[in-house]
Amino acid sequence: MTDMNSAPKGYWQNMVVDWSADKEAFKVNWGKVMMWVFLVSDTFIFSLFLIGYMNVRISASEAWPLTSEVFALVVGGEHIPLLLIAIMTFILITSSGTMAMAVNTAYQGNKHATFWLMITTAVLGASFVGMQAYEWTKLIVEEGIRPWGNPLGAAQFGSTFFMITGFHGLHVTGGVIYLTIVAIKVRLGHYDKKGFQIVEITGLYWHFVDLVWVFIFAFFYLW
Amino acid sequence: MTHIAIADQEPELHHPRTFIGKYIWSQDHKVIAIQYACTAIFVGLVALMLSVVMRLQLGFPDQFDFINPNMYLQFVTMHGMIMVIYLLTALLLGGFGNYLIPLMVGTRDMVFPYLNMLSFWFYFLSVLVLLASFFVPGGPTGAGWTLYPPQSILEGTPGSGMGIVMMLASLAIFIIAFTMGGLNYVSTILQARTRGMTLMRMPLTIWGIFTATILGLFAFPALLVSAIMMLFDSILGTSFFMPAIVSLGEATDYEGGSPILFQHLFWFFGHPEVYIVALPAFGMVSDVLSVHARKNIFGYRMMVWAIVIIGGLSFVVWAHHMYVSGMNPYFGFFFATTTLIIAVPTAIKVYNWVLTLWQGNIHLTVPMLFAIGFIFTFTHGGLSGLFLGNVVIDLPLSDTFFVVAHFHMVMGVSPIMVLFAAIYHWFPLVTGKQLNTRLGMIHFWGTFIGTYAIYLPMHYIGFLGVPRRYYALGDTSFIPDSAHALNANITIAVIIVALFQLIFIFNLFWTIKREPKSRINPWDAASLEWHTPDVPPHHGNWGRELPTVHRWAYDYSVPGVVKDFIPQHVPDSEVVYEPGYDRFTSGREST
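Keep in mind it's a predicted model, so treat the numbers as computed, not measured.

**Q** Teacher, can you tell me more about the overall build of chain A here?
**A** Broken down by element type, chain A carries 8 helices and 2 strands. Reading the helices (α) and strands (β) of chain A from amino to carboxyl end gives α-α-α-α-β-β-α-α-α-α. The globule rule puts the C-alpha radius of gyration for 223 residues at 17 Å, and the 22 Å found for chain A is more than 25% above it. Within chain A, the proportion of its 223 residues that are buried is 33%.

Here it is, written out as structure tokens:
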């Protein structure tokens, strides 16, 4: 090792020396590293779902339904495209905001504010899932869309829609449960000694779920 | 220098008191490793039996009434799936990964022991679901381990009803298990190494396991996604992978799906999977070769970079499994190029293994024999891979026994040779006893010569054009009688090799029951795992203080030093030199 630590070298070599040095590879606790690695792995899952969706959308033999028509709400006799989705997206992004505030207050040691901000985040997440349930019901009951077929065109529309939004919805549901548990444990003082990184780790997951939604929104509703 | 978590957690480490807490719901990485290993070896034996039955049919068609065409296909499928995923992946990463990572990098346990425990139990559940599929109506799936749709879920393929559903469910559970374990391995290696254990001082075993785990975490999602989509195609009647198709004379309800999509997803997982199995094997064999040749590993840094580069490249070669699928031929050009590039880092590794042996003080112990055997089988398997990587040569050889021979040599026999080497090598650490050498020698020679008796002729009958996965060849004019005779020979060799494995199993039990305790660190290995206060290591691994690492893991036969190895935790000031030896002028360099 003597050779490696001496004298300035090229950037590349210095980077290797630095990164492989006698310390944690990343200057954060292991929980955060674990969450990051998991999120990268999860990114692969969602990316592959979306790529699979694009592929079957191209290979589908029937016409793809017009998304602006399918995802429209009738409010006061007016046909407003993407209204529900806009509200859902707004709610989810708002919840990311409250989550970020929770992380901030947690590091300030304000357990009371952290608890309530996390609960707010969870409630916003739950209302997102609730609206998704409403959207599914509307599509299934009113439009007659099923995973295996629909009256509007290509069967793959229903298949990919229910699969991908369902998988994302499961992530949000899991996140709501995760947030609630961590919030309660914060309030009970479980992390007083260990520190409040757990709030930030939970936040990482929540922001990820939010980010994934942006991609689903773009590829599914806007395309 | 901030050393976190594990280092300071000793008082917090949860020591179980009851039998159940200690051995069933254990959170100790060593117990979990043994649980993983036993389960994997058990299903591996099931898969071995399946292959014997399969070979009986191929070698002596029409002789055995109890094998019908459906069963033959089911056995082929289950043999492949079990061997690749439930034996090799689980034993290399769940077994050896769990056991060796904390010991080799010097921690008390994985960073998240509870998750680690869950990982094993999910794996156990996936094995139960897999084995349960033998008992559902219609039996297990017979679609081949690649599970290609449309045939895997259409009537006519055995197990197209419940069988395939169970298979996909089991895979999904396995992936969950692997993810929980894998997150632990990666985080432990990155964040919890002990003082002095830099990344470039880690044994190559750890590098192999680390890179393979990353590959797994990024590749298994593709299998999960394709499994979910196929489950929906099968249960809900969606058409992700199913085009409009006529099955058994009737039009199905499917329309507009893409079977090629499945192949892309499957092989985006499937090719990295080859390296998920190979890279830990590469790492472990490097360590075994170095220890038993009493010489440092040749070109350590190149070995590390080769592992990392192979890992990276393995994500951009997947479609070389699909040259005959009807995809765009330009893809073939790209994937053939990347495939052949992988040969470069792989060849670096083979050269370095051979150069490690060069002028080494080679001890022909049982682990060493298996390790050297691996160099042979891997080189052979790798060279036939060059044939198959080229589109024009692959096209006629596709789906023949040449392919079967190739992948068995390169990712069946080779990792298993390393697994045996590793089991013989680390058994004294795990149990405190050395496996019986005479039985081990018999086991090695039977296995090594036997695999050649099986797979060399298989290349030849592959060149003749004998297709794989056929229940019986019948009277086919292009297959000469000699090929049938060879087939019978192969079957006899398989039976003999299978019997030799019983010697190994017997050896395990014999050694635990009858052999005396061996000396601590019987191979005089320098790496950290052999230098725990107790052998076998106790819960928590280290004494009151974690070890401090002062050197790499390969200080063997250092010139001028009295002992022929310097353990990793020995500081320079404690190394004893021969009298009169001036270490500053003779230019010794240690990393």
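**Q** I keep staring at the overall build of chain B and nothing clicks. Help me out?
**A** Each helix and strand in chain B was counted, giving 14 helices and 2 strands. For 591 residues, the compact-globule estimate of 2.2 N^0.38 gives 25 Å, and chain B sits close to it at 25 Å. The principal-axis extents of the C-alpha atoms in chain B amount to approximately 85 × 50 × 50 Å. Expressed as a percentage of the 591 residues in chain B, the buried residues total 55%. The long-range share in chain B, meaning contacts at least 24 apart out of those at least 6 apart in sequence, stands at 80%.

**Q** Before we go on, may I ask you to explain the interface of chain B and chain A in this structure?
**A** Often, the extent of an interface is quoted as the loss of accessible area upon association of its parts. The interface is formed by 39 residues belonging to chain B together with 33 residues belonging to chain A. The set of elements that each furnish at least two residues to the side of chain B that touches chain A consists of α5 (162-191), α6 (204-235) and α7 (259-292) of chain B. Of all the elements, α6(B) adds the most residues to the side of chain B that touches chain A, at 9 residues. Along the lines of polarity and charge, the residues of the side of chain B that touches chain A split into 24 nonpolar, 13 polar and 2 charged.

**Q** How do you make sense of the confidence of the model for chain B when you look at a structure like this?
**A** Any segment with low pLDDT has predicted coordinates that should not be analysed in fine detail. Model confidence for chain B is summarised by a mean pLDDT of 92, while 96% of its residues fall at 70 or above. Confidence estimates for the predicted assembly give a pTM of 0.94 and an ipTM of 0.92.

**Q** Help me out: how do you make sense of the nonpolar core in this one?
**A** All names here are of chain B. Ranked by size, the top nonpolar core spans 231 residues in total, and within it Val 285, Phe 370 and Ala 421 carry the most contacts. Per element, the largest residue contribution to this core is 24 residues, and it comes from helix α3 (residues 69-105). Setting aside its immediate chain neighbours within four residues, Val 285 contacts Ala 371, Phe 374, Val 418 and Ala 421.

**Q** How should the packing of helix α9 (residues 329-357) of chain B against helix α10 (residues 366-389) of chain B be read in this particular structure?
**A** The relative placement of two packed helices comes down to the angle between their axes together with the axis-to-axis distance. Residue and element names in this part refer to chain B. Contact pair α9 / α10: the axes reach a minimum separation of 10 Å and the direction vectors enclose 165°. Compared by their axis directions, α9 and α10 come out roughly antiparallel. Remark: the crossing between α9 and α10 carries left-handed chirality. In contact with Ala 336, Thr 339, Leu 340, Ala 343, Thr 346, Val 350, Trp 353 and Val 354 of α9, α10 contributes Ile 375, Phe 378, Thr 379, Gly 382, Leu 386 and Gly 389. Looking at side-chain class alone, the contact of α9 with α10 contains 9 nonpolar, 5 polar and no charged residues.

**Q** Can you walk me through the pairing of strand β1 (residues 72-75) of chain A in this structure?
**A** Looking along a regular strand, one sees side chains alternate from face to face of the sheet. All names here are of chain A. Direction of pairing for β1 relative to strand β2 (residues 78-81): antiparallel, over a ladder of 4 bridges. By the bridge assignment for β2, Ala 72 is matched with Pro 81. In this structure, the hairpin formed by β1 and β2 is closed by a connection of 2 residues, where Gly 76 is found at a positive phi of approximately 55°.

**Q** Just to check I follow, could you spell out the packing of α5(B) against α6(B) for this structure?
**A** Residue and element names in this part refer to chain B. The contact between α5 and α6 brings their axes to 8 Å, and the two run at 155°. Taken together, the axis directions place α5 and α6 in an arrangement best described as roughly antiparallel. Judged by the twist between their axes, the crossing of α5 over α6 is left-handed. Within the contact of α5 with α6, the residues separate by chemical class into 22 nonpolar, 5 polar and no charged.

**Q** I'm lost on α5(B) in this one. Help?
**A** Two residues of an α-helix separated by three or four positions point the same way, owing to the 3.6 residues in each turn. The first and last C-alpha atoms of α5(B) sit 43 Å apart over 30 residues, in line with the 44 Å expected at 1.5 Å per residue. Taken across its 30 residues, α5(B) has 24 buried, putting it largely inside the fold.

**Q** What should I look at first to understand the environment of Gln63(B) in this one?
**A** All names here are of chain B. Take Gln 63: it is sitting in the loop between α2 (29-59) and α3. The exposure class assigned to Gln 63 is exposed, which follows from the 9 C-beta atoms found within 10 Å. As for Gln 63 and Phe 282, which are separated by 219 residues in sequence, their C-alpha atoms are 41 Å apart.

**Q** Hey, could you run me through the environment of Leu388(B) in this one?
**A** Residues and elements named next belong to chain B. Assignment of secondary structure puts Leu 388 in helix α10. Classification of Leu 388 by C-beta neighbours within 10 Å gives buried; the count is 21. When the C-alpha atoms of Leu 388 and Gln 359 are compared, they prove to be 35 Å apart, with 29 residues separating the residues in sequence. Sequence-distant contacts of Leu 388, defined by excluding residues within four places in its chain, comprise Ile 393, Asp 394, Leu 397, Val 403 and His 406.

**Q** Could you clarify how one ought to interpret the confidence of the model for chain A in this entry?
**A** Averaged over every residue, the pLDDT of chain A is 90; residues scoring 70 or more account for 96%. Residue range residues 1-5 of chain A is modelled with pLDDT below 50. Its contacts to residues more than four positions away, or to other chains, number 3 contacts.

**Q** Explanation requested: α7(B) in the structure shown.
**A** All names here are of chain B. Taking 1.5 Å of rise per residue, the 34 residues of α7 would be expected to cover 50 Å, and the 49 Å separating its terminal C-alpha atoms lies within 8% of that figure. The largest bend in α7 amounts to roughly 30° and is located at Trp 267. Burial within α7 is extensive, with 31 of its 34 residues counted as buried. Taken from the residues just after α7, Arg 294 is the one with a positive phi, measuring 50°.

**Q** Quick question: what am I supposed to make of unusual backbone geometry here?
**A** Most peptide bonds take the trans configuration, and most residues that are not glycine carry a negative phi. All names here are of chain B. The omega torsion of the bond from Pro 149 to Pro 150 falls at 0°, within 30 degrees of zero and hence cis. On the secondary structure map, Pro 150 appears in the loop between α4 (113-132) and α5. Note that the residue after Val 535, namely Pro 536, is joined by a cis bond; omega there is -5°. By the element assignment, Pro 536 lies in the segment after α14 (481-514).

**Q** What is the right way to look at the environment of Ala525(B) in this model?
**A** Residues and elements named next belong to chain B. Tracing the backbone through its elements, the reader meets Ala 525 in the segment after α14. A tally of 26 C-beta atoms within 10 Å means that Ala 525 is categorised as buried. Ala 525 has contacts with Val 291 and Trp 530, leaving out every residue within four places of it along the chain.

Reading guide: rules and limits
- Residues numbered from 1 in each chain as written.
- Chains lettered and ligands numbered in written order.
- Predicted model: local features only at pLDDT ≥ 70, side-chain atom pairs only at ≥ 80, totals over all residues.
- Helix = DSSP H or I, 4+ residues; strand = E, 2+ residues; numbered from the N terminus.
- Rg over C-alpha atoms; globule rule 2.2 N^0.38 Å.
- Buried ≥ 20, exposed ≤ 12 C-beta atoms within 10 Å, placed from the backbone.
- Contact = placed C-beta atoms within 7 Å.
- Nonpolar A, V, L, I, M, F, W, Y, C, P; charged D, E, K, R; others polar.
- pLDDT = per-residue confidence, 0-100.
- Core = buried A, V, L, I, M, F, W, Y, C linked by C-beta atoms within 7 Å.
- Axes fitted to C-alpha atoms, helices over the stretch in contact; angles between N-to-C directions.
- Parallel < 35°, antiparallel > 145°, perpendicular 65-115°, else oblique.
- Left-handed = near helix turned anticlockwise from the far one by under 90°.
- Pairing = 2+ DSSP bridges.
- Expected span 1.5 Å × (residues − 1).
- Bend = angle between axes of the 7 residues up to and from the residue.

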